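Topology and contacts: notes
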Amino acid sequence: MTATEIEGRKLTLHLEVEFRFAQREDLSKLEWHGEYTHFRRVFAKAFEEQQQGKRLMLLACINNWPVGQVFMQLVSADDFFMFARKRAYLYSLRVMDAFRGQGLGTALLQEAEHILIEREYASMSIAAAKDNPGARRLYERLGFEVFSEDTGHWNYVDHEGRTRYVVEPCWILEKELRK
Ligand SMILES: CC(C)(COP(=O)(O)OP(=O)(O)OC[C@H]1O[C@@H](n2cnc3c(N)ncnc32)[C@H](O)[C@@H]1OP(=O)(O)O)[C@@H](O)C(=O)NCCC(=O)NCCS
């Protein structure tokens with residue numbers, strides 16, 4: 001087939017996206033064939049903490065493949081002052097390039113919000129890197145408001161046991177949750 005013969009030929013796919021929490025079998029798939037191999041231990045730790053009720057790893061799956069994700073760190077009232085409200089910190093929101101711009105990121109955040117409201121969380125927060133105005137715009141469209149900023153210094157141990165240091169100045173946005 002030549003270039004002119006193939007020109008304009010298209011197939012429209014109807015894809016069903018399933019939202020669910022990560023299972024052990026998903027951990028290697030979260031590496032997205034090498035793009036996120038350096039987070040292998042981070043994923044494993046998050047999964048361990050999901051088992052302990054400290055985190056949630058929400059996935060958007062197509063054909064049982066996680067093409068999008070958002071993780072939630074859960075802060076229970078007992079961790080803070082006696083009267084503290086339950087809060088959740090959302091992080092690692094990402095959607096595979098090929099599926100961006102079609103509402104998946106929005107849907108992941110909305111699903112996370114429903115889950116947290118059902119569990120009677122009072123608020124959720126998320127960080128938007130200062131060099132990622134698109135992410136901030138997305139969060140603000142969904143009702144998050146900037147309430148502080150952070151130098152964004154953090155580190156993690158990669159799959160080879162090396163500590164990697166990250167500096168990502170960011171805005172911290174928050175949204176109050178109501179039933
Ligand atoms: C941010 C992200 C999860 C959005 O997912 P998505 O499925 O494309 O989101 P939606 O289709 O629901 O909404 C699109 C909106 O996402 C925002 N966005 C942020 N970064 C984007 C990017 N690289 N490409 C496309 N949209 C992006 C924009 O606000 C866009 O809306 P716009 O029309 O106002 O520009 C996705 O772009 C992504 O994985 N980016 C790389 C990782 C990242 O930046 N995560 C946020 C950490 S601060």
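All values derive from a computational prediction rather than experimental measurement.

The rules behind the values
Residues numbered from 1 in each chain as written. Predicted model: local features only at pLDDT ≥ 70, side-chain atom pairs only at ≥ 80, totals over all residues. Core = buried A, V, L, I, M, F, W, Y, C linked by C-beta atoms within 7 Å. Buried ≥ 20, exposed ≤ 12 C-beta atoms within 10 Å, placed from the backbone. Helix = DSSP H or I, 4+ residues; strand = E, 2+ residues; numbered from the N terminus. Contact = placed C-beta atoms within 7 Å. Near = placed C-beta within 6 Å. Nonpolar A, V, L, I, M, F, W, Y, C, P; charged D, E, K, R; others polar. Pairing = 2+ DSSP bridges. Axes fitted to C-alpha atoms, helices over the stretch in contact; angles between N-to-C directions. Expected span 1.5 Å × (residues − 1).

**Concerning the nonpolar core**
Grouped together as the largest cluster of nonpolar side chains are 32 residues, with contacts concentrated most on Met57, Leu58, Val70, Met72, Leu90, Ala112 and Ile126. Elements supplying a minimum of two residues to this core: helix 2 (40-51), strand 2 (55-62), strand 3 (65-75), strand 4 (87-95), helix 3 (104-118), strand 5 (123-129) and strand 9 (170-176). Beyond its immediate stretch of four places on either side in the chain, Leu90 contacts Val70, Met72, Ala112, Met124, Ser125 and Ile126.

**Examining the site of the ligand**
Close to the ligand lie 17 residues; Arg100, Leu104, Gly105, Thr106 and Gly134 are nearest. Those elements that provide at least two residues to the shell around the ligand are strand 4, helix 3, strand 5 and helix 4 (133-141). Grouping the amino acids of the shell around the ligand by side-chain chemistry returns seven nonpolar, seven polar and three charged.

**Considering the environment of Glu176**
With respect to the helices, strands and loops of the structure, Glu176 is situated in strand 9. Here Glu176 falls in the exposed class, since 12 other C-beta atoms lie within 10 Å of it. Measuring from C-alpha to C-alpha, the distance between Glu176 and Phe19 comes to 23 Å, with 157 residues separating the pair along the chain. Apart from residues no more than four positions distant in its own chain, Glu176 is found in contact with Ala122 and Ser123.

**Things to note about the environment of Gln69**
Along the chain, Gln69 falls in strand 3. When the 22 C-beta atoms within 10 Å are taken as the criterion, Gln69 is described as buried. Between the alpha carbons of Gln69 and Leu58 there is a distance of 5.6 Å; along the sequence they are 11 residues apart. Setting aside its immediate chain neighbours within four residues, Gln69 contacts Leu30, Met57, Leu58, Leu59, Ala60, Ser92 and Arg94.

**Examining the sheet that holds strand 9**
Spatially, seven strands are ordered 1-2-3-4-5-9-6 in an open sheet, and the strand pairing comes out mixed. Sheet topology places strand 1 (18-21) and strand 6 (145-150) at the edges, where each strand pairs with a single neighbour. In this sheet, adjacent strand axes meet at a mean angle of 25° when their direction is disregarded. In this sheet, strand 5 lies alongside strand 4 in parallel orientation, the contact comprising four bridges. Looking across to strand 5, one finds that Leu90 is bridged to Ile126.

**Describing unusual backbone geometry**
Phi is positive for His33, close to 50°, though the residue is something other than glycine. With respect to the helices, strands and loops of the structure, His33 is situated in the loop between strand 1 and helix 2.

**Examining helix 3**
If you check helix 3, its first and last C-alpha atoms are 21 Å apart, about what 15 residues at 1.5 Å a residue would give, namely 21 Å. On its buried side, helix 3 packs onto strand 2, strand 3, strand 4, strand 5 and helix 4. At the exit of helix 3 stands Glu120, carrying a positive phi of roughly 65°.

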